[in-house]
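Secondary and tertiary structure notes
Below, each chain spelled out in residue letters.
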Amino acid sequence: MSDDRPEKPLPELRASDADRDRVAERLRDAVAEGRLDMEEFEERLEAAYKSRTYAELEPLTRDLPAAEGPAAHPVPVAGPAAAPWAGRIGGAGTSTLAVAVMSGFQRKGRWTVPARFDAVAFWGGGELDLREADFAEREVVINCVAIMGGIEITVPPGVELDVRGFGFMGAFDQRHSPGPSRPGAPRVVVTGFAFWGGVEIKVKNPKPPLGGPSLRKEL
C-alpha cells in the first residue's frame, strides 16, 4: 500500500501564511483537548505568527499528537498565486477623513486613497479596504485614532507596508506580512494612536471577479 502523504518540507524553506495558520489551529485544538494551558498556548501562538521558516514552526507542535485528518506539521500547499495589486497611481482622493462616534464607517471597492487619510473611531468601528483601491500618490499615510473603538485596514499582497502606530492599553496589530513589494505598487504608512482600542492590519488577496474560478467551482 503506497503512502500518499507529502514529504516533510526542508527546514530552511520559508513558511507561508497558510502554514502558520495551520499550526495556530493545531495549538487551539490542543488547548481544547487539555494538552496546553492558556499561558503556553499564547506563547506558542505568538511564536507561530513570528516564524519565518519550517524549522521555526516545527518545534511548536513537535510534542503534540497528530490531529485527525490533515497532518499537523506544516507542508507546502499548491494554490493560486497572490494576485497583484491592479490599481493605478494618480488622481484626487475620494475622501480624506472618516469618523465613527458610536457608529461605523467603511471605505471599500473602487475608491482613491489620498496622500493622507485620517480615520477616527470613538466607541465605534471602521473598515478601510485597499484591495481594489487606486492611490493618489506612490506613498500614502493612513493616520488612525482608535479610542475604545477599532479600525480594520485590509491591503493586498505586494504593497509596501510600514506600521508605526502606538497603542496604550490598546494595540496596532499586523498579523501577516504583505510579502515582497511588487514593482510599481504603492507604499502604505499606517500611523496613529490606540487607547483602549485597536487598529488591525490584514493582508488578503483581492476578491475574485464575478464569474471567476470560485463562482464556477460553486456552480
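The paragraphs below set out a description of the structure included in this document. (Residues numbered from 1 in each chain as written. Predicted model: local features only at pLDDT ≥ 70, side-chain atom pairs only at ≥ 80, totals over all residues. Heavy atoms only, no water.)

Some words on the packing of helix α1 (residues 17-32) against helix α2 (residues 38-50)
Relative orientation of the contacting elements α1 and α2 amounts to 175 degrees, with a least axis distance of 9 Å. The angle between α1 and α2 falls in the class roughly antiparallel. Across the interface between the two elements, Arg20, Asp21, Val23, Ala24, Leu27, Arg28 and Val31 from α1 touch Met38, Phe41, Arg44, Leu45, Ala48 and Tyr49 from α2. Looking at the contact of α1 with α2, its residues break down into 9 nonpolar, no polar and 4 charged. (Axes fitted to C-alpha atoms, helices over the stretch in contact; angles between N-to-C directions. Helix = DSSP H or I, 4+ residues; strand = E, 2+ residues; numbered from the N terminus. Parallel < 35°, antiparallel > 145°, perpendicular 65-115°, else oblique. Contact = heavy atoms within 4.5 Å. Nonpolar A, V, L, I, M, F, W, Y, C, P; charged D, E, K, R; others polar.)

Here's the deal with a nonpolar patch on the surface
On the surface, Leu97, Val99, Val101, Met102, Phe122, Trp123, Met148, Phe166, Phe168, Met169, Phe193 and Trp196 cluster together into a nonpolar patch covering about 1,200 Å² of accessible area. Breaking the nonpolar patch down by element, the ones donating at least two residues are β1 (97-101) and β10 (166-168). Ranked by residues supplied to the nonpolar patch, first place goes to β1 with 3 residues. Counting through the fold element by element, Phe168 comes out in strand β10. Using a relative accessible area of 43% as the deciding quantity, one classes Phe168 as partly exposed. (Patch = residues over 30% accessible without salt bridge, like charges linked within 9 Å, V, L, I, M, F, W, Y side chains within 5 Å. Areas by Shrake-Rupley, 256 points an atom, 1.4 Å probe, with all protein chains shown as cover. Salt bridge = Lys/Arg side-chain N within 4 Å of Asp/Glu carboxyl O. Buried < 20%, exposed > 50% of the residue type's maximum accessible area, 1.4 Å probe, protein only.)

Things to note about the environment of Gly90
As for its position among the elements, Gly90 is in the loop between α3 (54-57) and β1. Overall, the relative accessible area of 17% leaves Gly90 in the buried class. In this structure, the C-alpha to C-alpha distance between Gly90 and Glu137, residues 47 residues apart in sequence, is 5.7 Å. Sequence-distant contacts of Gly90, that is, excluding residues within four places in its chain, are made with Thr112, Phe135 and Ala136.

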